Every structure is written in C-alpha cells, then in structure tokens.
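Chain residues, written in single-letter form:
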4 protein chains.
Amino acid sequence: MIAGIIGATGYAGAELARLLSGHPEIKKLALSSVSYEGEQIEDIYPGFLGRVSGSLLKAEDVISSSDVVFSALPHAVGEKYAAACMEKGIHYIDLSADFRFGSDEDVYSAWYGKMYQFPKLHEKSIYGLVELNRQKIKEAALQGPLIIGNPGCYPTGAALGAFPALAKGLYGGGTVIIDSVTGASGGGREPSRTFHYSECADSVLPYKVASHRHSPEIARTLAQMTVMSGGSKPSMQVIFTPRLAPLNRGISSAIYIPLSYAWRVTQDNEKPMNAAMPPSKEIEEKTLEIRRLYADFYKNDKFIRVLPAGICAATNRVRHSNFCDISVHIDLSGSLLIITTAIDNMIKGAAGQAIQNMNIIFGFDEEMGLKTIPMLF
Amino acid sequence: MIAGIIGATGYAGAELARLLSGHPEIKKLALSSVSYEGEQIEDIYPGFLGRVSGSLLKAEDVISSSDVVFSALPHAVGEKYAAACMEKGIHYIDLSADFRFGSDEDVYSAWYGKMYQFPKLHEKSIYGLVELNRQKIKEAALQGPLIIGNPGCYPTGAALGAFPALAKGLYGGGTVIIDSVTGASGGGREPSRTFHYSECADSVLPYKVASHRHSPEIARTLAQMTVMSGGSKPSMQVIFTPRLAPLNRGISSAIYIPLSYAWRVTQDNEKPMNAAMPPSKEIEEKTLEIRRLYADFYKNDKFIRVLPAGICAATNRVRHSNFCDISVHIDLSGSLLIITTAIDNMIKGAAGQAIQNMNIIFGFDEEMGLKTIPMLF
Amino acid sequence: MIAGIIGATGYAGAELARLLSGHPEIKKLALSSVSYEGEQIEDIYPGFLGRVSGSLLKAEDVISSSDVVFSALPHAVGEKYAAACMEKGIHYIDLSADFRFGSDEDVYSAWYGKMYQFPKLHEKSIYGLVELNRQKIKEAALQGPLIIGNPGCYPTGAALGAFPALAKGLYGGGTVIIDSVTGASGGGREPSRTFHYSECADSVLPYKVASHRHSPEIARTLAQMTVMSGGSKPSMQVIFTPRLAPLNRGISSAIYIPLSYAWRVTQDNEKPMNAAMPPSKEIEEKTLEIRRLYADFYKNDKFIRVLPAGICAATNRVRHSNFCDISVHIDLSGSLLIITTAIDNMIKGAAGQAIQNMNIIFGFDEEMGLKTIPMLF
Amino acid sequence: MIAGIIGATGYAGAELARLLSGHPEIKKLALSSVSYEGEQIEDIYPGFLGRVSGSLLKAEDVISSSDVVFSALPHAVGEKYAAACMEKGIHYIDLSADFRFGSDEDVYSAWYGKMYQFPKLHEKSIYGLVELNRQKIKEAALQGPLIIGNPGCYPTGAALGAFPALAKGLYGGGTVIIDSVTGASGGGREPSRTFHYSECADSVLPYKVASHRHSPEIARTLAQMTVMSGGSKPSMQVIFTPRLAPLNRGISSAIYIPLSYAWRVTQDNEKPMNAAMPPSKEIEEKTLEIRRLYADFYKNDKFIRVLPAGICAATNRVRHSNFCDISVHIDLSGSLLIITTAIDNMIKGAAGQAIQNMNIIFGFDEEMGLKTIPMLF
C-alpha cells in the first residue's frame, strides 16, 4: 500500500514519514512539499539518509499515486485535497484543524479566520480521537472514503484524561481547568523568536492564556464525551492554559474536574475533608477506586496506560511512543479530581494518532507500526 | 555589618553568600556547614574563586560572630539556632519551613513530622512575605530581635499573584487552583534520581500532586491576605500542583481565581460570555481594568512588575533577579481570573527575599543588594 | 531464541532490553539485577509498561535460561559469567571494558585496577568493533562460543572516524588528537553531583583530560587498524579529551589526523596552503576526494554514513539509531585531516553495537532489530 | 558619564546595556537601533522593566550625546561611526570584527567580504585583548580618542589559554589545535534554523569546521603574542574547530600545544612517556609546574583564574562573569600541553571585555562594573 503525505517537510509530516517507513503494510511513501518540490526528503532531513528516501512532489501527484493520504499542512489551505481524495475514493487523514469542528463552522471560522470551502465534506468528516470514535470510524470506513480530522495535540492529552470522569458520572458540573506544559516541537519547523534557542531554553513561558485556539476543540470534545456517554449536554465551562517549557517533545496536562456529590470524599456529616492536612486515608482509598475505574474504562485501549498509584505521568516515559499515560489524584479537600496525562505531542498528539486512525480504517491491528518503546533518556 | 549563614553550602545558602557578597552594608560573611566544616567555601563552589571566600565554621561560631543570621538548613533542625540568636539579641531569618506557620503547630507538625521545640519562638515569629507583612516587620524590628519565617518558593509566586484579587474583592469564593512549573535548583544540591540529568532533562514531571507540603502554607497565606484586607476568613479551598521542568531556575505559576459576581464579564441578561468564541472586547477591557488594579495595588512594591498587556510572565525575564512578574487574564467565559506569575525560585523564592527582609529590618533601602537585572539568556 | 541480560537495570542494560524487545529473532528476555532482584523491570522503568516486562533474576539463572548473554555490568565484576557461558557453550557479549584488551593485561590492569581472573578467556575474546572485526567474528563463531568485548562509546566514535585514513595511507605519523563531547547518559543511572541536573545543565565540563581510561582503548584500536591494513605498527601518539555537554544521548568527536606527504594539499613549490586565507579550491577538491575514499571504504557497512559535503555530523541526526555519521574536512593549511563523527552513545556506542555483534555471530541480517530511524527532535 | 551603544537591541548590545546600567561611572545610556528606532529598549527586552530604560535613537544621535561609544553592529557596517567618533574626539569600542585586523586588510577582506572604508582608522586601532595589550591601550588613551577592536568570543578563550605557553617558551613549534564548544547565544538574536530550539536542543553540532572566520583572528593573535614576548614570528599553524552545544552562554575551549624540547616530560634516555599507561608522577609534577607558571604569568590579571589542580574549566563556573578560567594538563606521552578554558561568551567574550577596555581607557578600576559573581546554576 502506498501512503501519501502532503506537507511532508514540516515536523508533523516528517514524523509521519519516519513512522510510516516502519509500518509493515506501507510499502512506499509519496511525499509532497511546496517549499522543496523536486528535492529529496533526505536532503531536508539528513537524519533520514539510508532509511527514508523520496522526491518531493506536488500534492496532486501524491494524491494520484497513493492509497491513503495524510495531510500535514497548516490550517485553512488543504480542503481541496480532501475533496480530491473523496473524488478519487481514498481516505484522507488531516492533521490540521480544518476537519475537527464538523458542522460548527461558526466556531471554526471565528478561531481560524476562514469559512469552510466545501461544507459538505465537514458533515461527513469524523473527529479522529480513536478512544472516543473508534466504532464510528470502523463503521464509516465500510461505507466509503473517510475524512478524519486528526485531533490537536493539547486536546488529545486533555480529552483522554477527562473521558472516564465524564463518561462515568464523576464530573459534578462547574469549571474544568486544563493546564498544559508543552515542548518546543509543537511550534513546528519554521524559526521564530519564541522558539529561538536562547529565548526558550531554561525558561517557562505561558502563552495565549485563555485565548489558545485549542480551547474550543477541547470544550467541544469534552461535551461530546459527556453526551456520548448518555449524559445531557453539559453547560460545561472549560479553561485551557498552555505553557512552553524547554523540552523537545511532550505535553504534560493537569486536568481539574469538580467531583459530583456522589464521588466526593467527605468527613462525617458531609463536611469536606480538612484541606490543611495531609491526604487522608479516605482520599487515598477513593483515589485508588477512581484509578481502577479509569483502568477499567480503558482496558481495551492499548495506547492508554493508567499508571500504578504513586507514579506520575512524566513526558519522558511516553517519549517516542503513541502512549497516553494517565495518573489519578484527588485534592486534599476531597472535592476535585486531578488527572495528569503525558503524551508525545508528535506521536500520540499528531503522527502516531493519525496512523492509529489509518490502522482502524483499514482493519489493521491498531498497534501496527506503533509498537515503539518509550525512551527514558 | 557581619552576616552569618548557617548551612552555607546548600544551594540556598550559597546563593545567599553570592548575593550578600555584593550587598553594600555587609562587610563580611560568617559561614557554617556541617558537612564541610573546616573547608573553604570556594573549594566547594569553585565559581566563587576570587569573589567569595571563607572558612566553614560551626553554626555556633557563626552566631557568635554575626550581626544577623540567615539559616538555610533543612526543615526541623534549626530551631535551637533561632533560640540562640534571640538570646544573643540578633535577628534570625530562617529559609526553612520551621517558622512559617506561627501558632498553627498542628498543621506544621502534620506536614513536617515534628512538634515545635520552642513554641514561644513561633508566637513571635513573622512570615516574611514582605509585600504582605512589610509594616509588621518594620514595627516589630523596633522592639527587638526578630525571627522571620522566609516564605517557600511556591507560596511566594502563588500568594503574590493572588493578593490583589483577594484584597480588592475580586475573589468570589470557591476553589483557587495554583499550578506551578519549577526548575531543578529547588531540589537542592544533593544528587538524587529525580534530579539526575538523564531522568529530568527533556521531560516534564508532575510530582506530589495534591500532597505537596507547600499546600498548607499557600492556603494559610491566602487566608491571611483576605483577612488582613478586611474580609472575613474565607472558607477557601486551595489546590496546588507542582511540576518539574528541565530548567535551572524559575517558577511559573498559573493561578485560577473564581471572580466575584461584581467582577464577572457577562453578556446582556447576565449570561456568561460564550466560551466557545475568541476573547470578546468586554473581556479584553475588563482584563485591562484588573491589570490596572493590580498595578495600582503594587505601586509601592519595587520587586513586583505587573506586566503590560500582551506580555506573559516568563521565568527567563526574572532570572537572576528578585522580581516577581505578574500577568493578568480572564477566561473566555468571563468568570475566572487567571494570573500567571514568574519568579527566580532561588532569589525572590529564597535568598533574595531573605535579604529583602534583612533590608526592611535594618532600615536599609529595600532594594539594596538586590538591583540585579534579569538575564534573558 | 532467548537473550539474557546481566545487569539489566543500568542504562545500558535497559537500552538492550528496549532494543532486543523489538528484535525479530528474540522471543524472550531473561534479565538479572543485583539491586532489584525479584522486582519487575517495568516497575524500575515505568516507561516499559505494556512493552517490556520481566522479573529480575539472579545472573546465574539468566545464564542457565538463555541462548546468548549480554553483560551490562560495571567493569571488573563479570569475568566469572563469561566463564559460565563458555562452559555452557553460549556466546557472551560484554559491554564493560573487561574483554576489550585481549592479552594486554598490563594495560587493562593499570587503568582498571584489577588483574585478569581467567586469562585464557581473554586470549580468545574478540574486540567487537564490527567494522574492524566482522570477518573475524563470523569465522570464530563457527568454531564455538565467543566472548565479545563490546567497544567503549568514545572508542567507537573515534576509531570509526580514523579507520579509512589509517587503512589507506592518509595518516602521515605524529599525534592523533580526539576531542569528544558527550551527553549525560554515558554517566549511567546512579545519581552523582557531576550528573545532578543543576550542575550539568547549561554548561560544558571537560573532565579526565588526558587521563580517561578510554585513552588506551582508542590507542590500541587505532594501532590495530593500521596493522590490519598492512601498515607496520605505528609509533602513534593518541590524545583523547572528553567533555560533558547538556544533552541526553550522543557523542560528537573531532579527530585530528596529520596527513601523509602524498595527501597534503600544497601550493606550488610544495609550500603549504596559506592558512590565513579561506579554504582554497584545492582544499575543497581534496576534501571531496577523501570523502569519496571514505564512502568507498565503508560502502558495505550499513551503519556508517559518510555525509554529503556541507553536512556536519550532528548528534541529533543519529539519535535513537545505530548509525555512525562521518564528515570529512581538511584544515586551512592543507596538512591535517579533520574528521567529525556522531553516534548515539547508548546505541552504536553500547547496546546497538552489542546487538550488531549478536547478529553477526548468529548469521542474522546485520541490521536486524536495528533499523530505527534517527529522531531529529 | 554617558555611554552610547549602537545596535543596542542585538544580544551583545543588550548585554552591554545590562552591564553598563550597573557601572558606577555610567550615569546614563544612549541607545540606538535601526530595527526598533523610536521604541523603548524595555519593550524589546521586557526583562529590563524597572531596571534599564531608554528610547532607541539613531546612531548619529547616540554619538552626539555620548562620552564613549560601543558598537554592537554586525560586521562591515559600522566604520563610519568610528570615523564620526574620532571626529568628535571620543573613544569607540567596536564589538564587530571590523577593527580586529589592523593593517591586515587582505585577511579581513578575504573573510568578511569587504575592503576597509577608512584605512587610516585601522592603522591606529588597537586589538582590545586587555591581557595582551593593556599597557598599549593605557598609553594610547593618553594621546587621544581610541578605536578598540574588541576580540571575538572564540579568539578570547583560545588566546588567553595559549598566551603563557607562547610567552614563556613552552611552545615547541608545529600545529596548535583549538577545539571549542559554544552555547547558542553566540548566534545572536535573529531566529534561524540552526538555533531553532528543536534543532539544537539535545544535540552537538560541529559547524564551519576548518573554515570559521575566527580562525585568522586566532592565528593572528597567537602570532602577536609570540612576537610580543620576544620570540620571532613563528610559522605557526593554527586549527580551529567550533561546535554548537545546547547551552545558553559559555565557550569551552581545548587548546593543544606541542611542548618544546625543554618542557617535554620524558622517561630515562629521552624516550617519551608510555602513553598507554595512566598519568605518571612525572607528568603530574610537570603539570603542577606549568600550572604555577600560568598562575604567575597572570598574577596581575584579575579576570583570569588559573584553577587549582583537579578542577576543570567548566562554563557554569564563569557564567555571568568576566572571568576566563584556565586549567592545565599534559598528555600521557608528555609531549603536548592541553589547556582548557571557559568563558561566558557574552561577557568576557563580548560585552564584559568591552567594558574592561573602557575601564582601562578611562583609568577606572579594571574590575569596575564587572565584579559579578558566577552563577553555578
């Protein structure tokens, strides 16, 4: 099978090329690049020498020669390639935000500054968070060529951490806060002052606080999760804060979820726990209970690891893998669930998740080509 | 004037030595170390060669030869030195947690595992967050020798970000969440696996989530701030999550404070703003208003910089300084205040703040010895 | 086939476990650890969860249940396991220095402080630099169980860079200088001040200058290379300087080799080039010629990449791979060859090279299990 | 006194502004910037808020209002400002390469691609390596306004390490090799792929091997040192290799100097030491002797620290200071001197050294404004 990558020289595209080169079902890659058309991918990424090779074509030529197409273009420029793939009858997996909002064109256009060019395509597109939409993707793939809106990196780490709480009635309403710390590879390959080594090394920088465009994607996904699990659409307020830290890969998210009345830990007489004191036995036990609930919820999701008690979700334990690690905590007063998650933003947060989608669509083993083992160092 | 440092070879002690060596009123240092008694500080820290020099003495000899004593010992071992200083009649500034809890011995002992040895001393000790207790420290210093409990690094960045909101009625009750990302120097000088380069480089690690012993200090300080500003003691729930990121110095804190009814941003008919949409003009204007309120609140605090709109509080902009940078945001729904702060954990979060306390006590210019300019890179 | 790893919880051992878990011919691992006997490897390395699993046994039990044994123990403690493997009749690949010196016991003992315990074993051991000894290893493996002294990380990067120059008469005698910059993973898993994050981040530290015990290994290997290529044993003086830089993986080596008369670039009248001026056309042409010679020399070595002109050997282009990248330069005066090499010290410099040896020994494809693609970021 | 900085918004210019703001004799700064004319320096560098402030002027206005002018412009654009300063009668300290080559216009133009615009100015300019030319600068300053060519960062670390060996007859002829590892701040403020965080973090990259334009400056300076010390101009071949490592500030240089016959360490019968063996007692003793010679040579140079035996020159021990640390080694064969040096490339390698020149010129204490204490972490 030939896999095409449109926009193969950006970081997400190159990571796709790297991972797909080791995928047993992919015999060949077709790569495109506007900036480097006619050059070889291994001249742009000399690390690929002897392992990944290929001329950089036009996007149209990638589509015509491929059996599945991944698009790793910037936002708002690739819809026409989705249309071309549908016309040809092949699946299109888009790593940009263009197909993540379905029929919510108003939200998309408010944040990305552009109306839909092919509104019909968005109606049929599926949000490619496999752990949420696996069944839907499987079934739709039997009907014809799909458009997958591959989730954003932050929304992936946030939604996977919140899903069981939302689905199982732990969430008690009120504000859900997601505070994420990310590495620099998320900023892409183009040099800029923010990602200039001397400016971002040895520093932590909050940015786009309360105004990052992954906010509506996160809110939309959390709401969908609740509805899909049988809840009514919640009037959920979601707050998202990103910070840039000096690492290459990885997103660490802390997710604060108010517990429903039934799940709160209380002292006698319904009083909350004394938050001035160290974690009580009750809190420790409830934490273990929720941990088990999380583990059970994800028992068939091979890329989710609900960590043993006492182990926090560090990004270097998922680096270079498609895993999302999750650890479960309850605050000292017993009323808030604190979930921390870790993903490799370039793999589970981008290229790996896209391949996971491809595996589902084609009926391959979901882990195929994605069984890399995390590199601690 | 001779300044003594007990525990001078740990990171906080050495940073004190570094900064005090440039303080115009300090003519000499007296240094102690249990581990390196009899050696020279510049043999332990060769970077000091030609700049800071001194034999490492016994703690008792430091006290007997000093006019003011800083203690940079681990928690729960230094109370007797405070007692000795009081007996001698000299001020004692303690960088450990031992004197941060005043008469709340139950809270201290629950978290630090030790009862007070000299309970009377704690009654008279003052929590050395200058921006909160400047006047109290000044006045008490006129009465006799003081014991200052120098604040913890996390509590400093958290409390300074929340203070104006608490003091000016912006806080509307409910849970205050503090999510802090810290550099490795806070872990001190002793090697351990957590701070082993290969284990913490290129990674973000949440740790002691909902169980860090700075939690009660933060909660206590926020409550005091509210009371001191004329509010009634709030039933405030405070949640604190620390994460370790690969940088040397710096703490970036995000502080989530529910806004009081009066300060919320609403659409017509009192409806909250539509959080699915980008920041509204109303939110931007209210953010500027709160920013001005913050700037006004701190107008006499030389080490607090409320940043211009559009500039986030990055740790490399305060590195190597005693500044606490603050930036102000409101979430998309208009109902939560999001404050981000940045401090150098070794300076404003430890040694610098201790010297700021000394300056207040002795009536020196508060900035004396602390006018370093941040190093961007 | 079952592979055993003695000392599986150190960094080299864990990296072996990680790589061997993806090796098509290895069906199972048997792991030992003195420190963690009875525990699970995935509890020590939580990143392994769901990918690598196994109880930590005694070394003896690893040997009895394995078809090939890797030893990743510290120096000078593992000879008896080599003896046990020989007795059992299975191959033993030792990542420590114990079997790198063959019959030069005096050199080994002078640097490692211990005499050989089983001198006979050293006579038959082979230095496992595959690019030098591939044929020898292949042939010996047909005769019976082997002991491989897997090369040190620095010697690997140094020797591979010098080999063609020594073998093809480019070396003109005189001092060969190797200046290597390494990442922190080479220091192993045990915490120490040198590798404490705050002490080694954001700094470059030369260490053991002119006294590192990889010096004699490098010198010995370069001499062997010359002899094996038909030269007489040179009176070669080799200088080796290591420096620690703040990265996880990677060794960058610069190798300075005086050119023989025939290979020098000269102006007319045999005068050396004017070194005050930018590189001349003659130097550029000769550089290309030597580059071609290098590429030709290594044309059958799949893990050596002689880089195109203009591309330097950066460690992030080999990270996570078994490649050794090489770039070729001539100094401005035309009389010295400057080779730079880059390896991943944990893979080509340790675990990967050990597996490469196993592949040769068992007649597997030399690249089997080692076709990972470098991660740029 | 008013100090002017032309090109104040680049890294070197901003570092000058930072350091000069703390200089007791500088009452005011006048700053220029082409890119940001009319803006405030603290808007470009928000870290300066409350400490360094100033409108960015035209270069001409800086000159007209200053008593001394520093130029931190790129190469080959600032000669006219030197001319203007001479006309006005004020000193001009140039941090670019423009005035480092004196009358060697051919060398300068070959490497920097431009002929001199005002050749006369170059005749009177002085190379501002204070440890070499202190007396010359002092005397010339009495005669009238000076032009100082402030040394490059690499040449500073290289030349200071070699000076005593050249001056005292330790150098025995032959090739001197300088291998330097630098941090990213040397690349300046403009974003580029080389200094893009994801491309340079966690990696070591050799670049411009045998073709960096600091090569001729280093060679020229080493030759001058030899001549000034009474030697005849040596036919010295100098090789320089730079490598980029992931740190902010700092240059670590290893300098390989063949020892003269008189200084070599030999066994009986004039045979070189056995380089296969660990350092001999003779080598250790000779190393100490040379160390003493170095310490004595620099005994009046306050910014040079010849480190005690056993301590290597790490860049974090000079970070944020004007120190050049030096450690002394001899190779195992006893025939080569290996010097390692460490400087902060932005201070001793740029802004600090420029201020040191100003101090000399104006007769201030040479350490004035430069007594910062290195920051270990």
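Quick look at the structure, then. Keep in mind it's a predicted model, so treat the numbers as computed, not measured.

On a plain count of helices and strands, chain A comes out with 12 helices and 14 strands. The C-alpha radius of gyration computed for chain A amounts to 21 Å, which stays within 12% of the reference 21 Å derived for 377 residues, consistent with globular compactness. The buried share of chain A, reckoned over its 377 residues, is 68%. Of all intrachain contacts in chain A linking residues separated by at least 6 positions in sequence, the fraction that spans at least 24 positions is 71%. Only carbon and sulfur atoms are counted for the fraction: they give 50% of the accessible area of chain A, which is about 12,300 Å². A distance of 2 Å separates the average location of the 36 positive side-chain charges in chain A from that of its 38 negative side-chain charges.

Time to look at the nonpolar core. Of all hydrophobic cores here, the largest spans 68 residues; its most connected members are Tyr256(A), Tyr256(B), Tyr256(C) and Tyr256(D). Setting aside residues no more than four positions away along its own chain, Tyr256(A) makes contact with Thr175(A), Val176(A), Ile177(A), Asp179(A), Leu336(A), Leu337(A), Ile338(A), Ile177(B), Asp179(B), Ile239(B) and Thr241(B). Core analysis: the second largest hydrophobic core is formed by 54 residues, Leu20(B), Ile41(B), Met368(B) and Leu376(D) among them.

Once that is clear, we can look at the pattern of salt bridges. Inspection of the entire model under this criterion finds 77 salt bridges over all chains. The partner of Arg220(A) in a salt bridge is Asp104(A), and the shortest N-O contact between them spans 2.8 Å. Here Arg220(A), found in helix H10 (residues 214-228), pairs with Asp104(A), found in the loop between strand E5 (91-94) and helix H5 (105-112); they are 116 residues apart in sequence, far enough to count as distant. Among the residues examined, Arg220(A) registers a relative accessible area of 19% and is labelled buried. For the salt bridge of Asp202(A) with Arg319(B), the shortest nitrogen-to-oxygen distance reads 2.7 Å. With one member in each of two chains, Asp202(A) in the loop between helix H9 (197-200) and strand E9 (205-206) and Arg319(B) in the loop between strand E12 (304-306) and strand E13 (324-330) form a pair that bridges those chains. Take Arg319(B): its relative accessible area is 5%, and that puts it in the buried class. A single salt-bridge network, built from bridges that share partners, covers Glu15(A), Arg18(A), Arg249(A) and Asp344(A).

Gaps left between atoms are located by rolling a probe of water-molecule size over the structure's atoms. The full count for this structure, using the stated rule, is six cavities of 30 Å³ or more. Volume-wise, the largest cavity comes out at about 230 Å³. Lining the largest cavity are 16 residues, and of these Tyr197(A), Tyr197(B), Tyr197(C), Tyr197(D) and Pro246(D) lie nearest its centre. Looking at side-chain class alone, the lining of the largest cavity contains 12 nonpolar, no polar and four charged residues. By volume, the second largest cavity is sized at about 100 Å³. Around the second largest cavity, the lining residues are Asn248(A), Arg249(A), Arg319(A), Met375(A), Phe377(A), Asp202(B), Asn248(C), Arg249(C), Arg319(C), Met375(C), Phe377(C) and Asp202(D). Among the residues forming the lining of the second largest cavity, the class breakdown is four nonpolar, two polar and six charged.

Turning our eyes to something else, we now look at the sheet that holds strand E13 (residues 324-330) of chain A. Residue and element names in this part refer to chain A. Reading across from one edge, E9-E10-E8-E11-E14-E13-E12 is the order of the seven strands in this open sheet, with mixed pairing throughout. Looking along the sheet, the strands with just one partner apiece sit at the ends: E9 and strand E12 (304-306). Direction of pairing for strand E8 (residues 175-182) relative to strand E10 (residues 237-244): parallel, over a ladder of eight bridges. Across the sheet, the residue bridging to Thr175 is Gln237, located in E10. With respect to the sheet, helix H11 (residues 281-297) is in contact with E12, E13 and strand E14 (336-343), its orientation differing from that of E13 by roughly 150°.

On to the interface of chain A and chain D, then. Counting residues at the interface gives 21 residues for chain A and 21 residues for chain D. Looking only at chain A, the three residues that lose the most surface to chain D are Arg193(A), His196(A) and Tyr197(A), adding up to 41% of its buried area. For Glu190(A), the salt bridge is made with Arg193(D), and the minimal N-O distance between the two is 3.2 Å. Inspection of the chain A/chain D interface yields 18 residue pairs in polar contact (both at pLDDT 80 or more). In terms of residue class, the side of chain A that touches chain D is made up of 10 nonpolar, six polar and five charged.

Superposing chain A onto chain B takes a rotation of 180° plus a shift of 0.0 Å along the axis, which leaves an RMSD of 0.0 Å. Interpreted geometrically, this transformation is the action of a two-fold axis. An overlap of 100% is found between the interface residues of chain A and their copies at the interface of chain B, pointing to a shared contact surface.

In this model, His320(C) sits at a positive phi of 75°, which is unusual for a non-glycine residue. One non-glycine residue, Asp202(D), lies in positive phi territory at about 55°.

Right, let's talk about the relation of the copies chain A and chain D for a bit. Rotating chain A by 180° and moving it 0.0 Å along the rotation axis overlays it on chain D with an RMSD of 0.0 Å. Same-surface contact between copies: 100% of interface residues of chain A are shared with the interface of chain D.

Time to look at the sheet that holds strand E5 (residues 91-94) of chain C. Residues and elements named next belong to chain C. Ordered by their spatial adjacency, seven strands build an open sheet running E3-E2-E1-E4-E5-E7-E6, and the pairing between neighbours is parallel. Only two strands of the sheet have a single partner each, and these edge strands are strand E3 (56-57) and strand E6 (126-127). Sheet analysis places E5 next to strand E7 (residues 147-149), joined by three bridges and oriented parallel. Within E7, the residue paired with Asp94 across the bridge is Gly149. Each of strand E1 (2-6), strand E4 (68-71), E5 and E7 touches helix H4 (residues 79-88); the most contacted strand, E5, lies at about 160° to it.

In this section: the pairing of strand E14 (residues 336-343) of chain B. Residues and elements named next belong to chain B. E14 sits mainly inside the fold: eight of its eight residues count as buried. What you see with E14 is no split at all: Leu336, Ile338, Thr340 and Ala342 on one side and Leu337, Ile339, Thr341 and Ile343 on the other are buried throughout. The antiparallel pairing of E13 with E14 creates a hairpin that spans five residues between the two strands, and Gly334 there sits at a positive phi of about 80°.

Turning next to the interface of chain A and chain B. For an interface, size is often stated in terms of accessible area lost upon the parts coming together. In this assembly, 58 residues from chain A lie in contact with 58 residues from chain B. Carbon and sulfur atoms supply 62% of the area that chain A and chain B bury against each other, a total of about 4,500 Å² over both sides. One can count 28 residue pairs in polar contact (both at pLDDT 80 or more) joining chain A with chain B. Looking at which element gives the most residues to the side of chain A that touches chain B, the answer is E8(A), with five residues. Looking at side-chain class alone, the side of chain A that touches chain B contains 32 nonpolar, 17 polar and nine charged residues.

Let's shift gears to the side chain of Asp98(C). Residue and element names in this part refer to chain C. Inspection of the secondary structure assignment puts Asp98 in the loop between E5 and helix H5 (105-112). The charged side chain of Asp98 is buried without a salt bridge, its nearest counter-charge being Lys114 at 5.4 Å. A distance of 2.7 Å separates polar atoms of two side chains, one belonging to Asp98 and the other to Tyr108. Those residues in contact with Asp98 that sit more than four places away from it in its chain are His75, Ala76, Val77, Gly78, Glu79, Tyr108, Tyr116 and His122.

Let us now look at the packing of helix H7 (residues 130-143) of chain B against helix H12 (residues 347-362) of chain B. All names here are of chain B. The contact between H7 and H12 brings their axes to 9 Å, and the two run at 35°. Remark: the crossing between H7 and H12 carries right-handed chirality. Of the residues in H12, those touching H7 at Val130, Glu131, Arg134, Ile137, Lys138 and Ala141 are Lys348, Gln353, Gln356, Asn357, Ile360 and Ile361. Taken together, the residues of the contact of H7 with H12 break down into five nonpolar, three polar and four charged.

All names here are of chain C. Those residues of H4 not exposed but buried are Glu79, Tyr81, Ala82, Ala83, Cys85 and Met86. Contacts from the buried residues of H4 go to E1, helix H3 (59-65), E4, E5, helix H6 (119-124) and E7. Gly89 sits one or two positions beyond H4 and adopts a positive phi of about 90°.

Counted according to the given criterion, the structure contains 50 aromatic pairs over all chains. Summarising the aromatic geometry, the rings of Tyr197(B) and Tyr197(C) are spaced 5.4 Å apart at their centres and angled 5° between planes, so their arrangement reads as stacked. Taken together, the residues span two chains, with Tyr197(B) in helix H9 (residues 197-200) and Tyr197(C) in helix H9 (residues 197-200). By relative accessible area, which is 5% here, Tyr197(C) ends up buried. These aromatic residues form a ring-pair network of at least three members: Phe101(A), Tyr108(A), Tyr112(A) and Tyr116(A). The ring of Tyr45(C) is capped by Arg189(C), whose NZ or CZ atom sits 5.3 Å from the centre of that ring.

Cut-offs used in this document
Residues numbered from 1 in each chain as written. Chains lettered and ligands numbered in written order. Predicted model: local features only at pLDDT ≥ 70, side-chain atom pairs only at ≥ 80, totals over all residues. Heavy atoms only, no water. Helix = DSSP H or I, 4+ residues; strand = E, 2+ residues; numbered from the N terminus. Rg over C-alpha atoms; globule rule 2.2 N^0.38 Å. Buried < 20%, exposed > 50% of the residue type's maximum accessible area, 1.4 Å probe, protein only. Contact = heavy atoms within 4.5 Å. Areas by Shrake-Rupley, 256 points an atom, 1.4 Å probe, with all protein chains shown as cover. Lys, Arg positive; Asp, Glu negative; His and termini not counted. Charge placed at Lys NZ, Arg CZ, Asp CG, Glu CD. Core = buried A, V, L, I, M, F, W, Y, C linked by side-chain atoms within 4.5 Å. Salt bridge = Lys/Arg side-chain N within 4 Å of Asp/Glu carboxyl O. 1 Å grid on protein atoms, 1.4 Å probe; cavity = no way out; pocket = protein on both sides within 12 Å on 5 of 7 lines; lining within 4 Å. Points joined across faces, edges and corners; volume = space filled by probe spheres on them. Nonpolar A, V, L, I, M, F, W, Y, C, P; charged D, E, K, R; others polar. Pairing = 2+ DSSP bridges. Axes fitted to C-alpha atoms, helices over the stretch in contact; angles between N-to-C directions. Buried area = accessible area lost by both parts, 1.4 Å probe. Polar contact = N/O pair within 3.5 Å; in protein donor to acceptor, adjacent residues only side chain to side chain. Least-squares fit on C-alpha atoms with pLDDT ≥ 70 in both. Left-handed = near helix turned anticlockwise from the far one by under 90°. Phe/Tyr/Trp six-rings, centres within 6.5 Å; stacked < 30°, edge-to-face > 60°. Lys NZ or Arg CZ within 6 Å of the ring centre and 35° of its normal.

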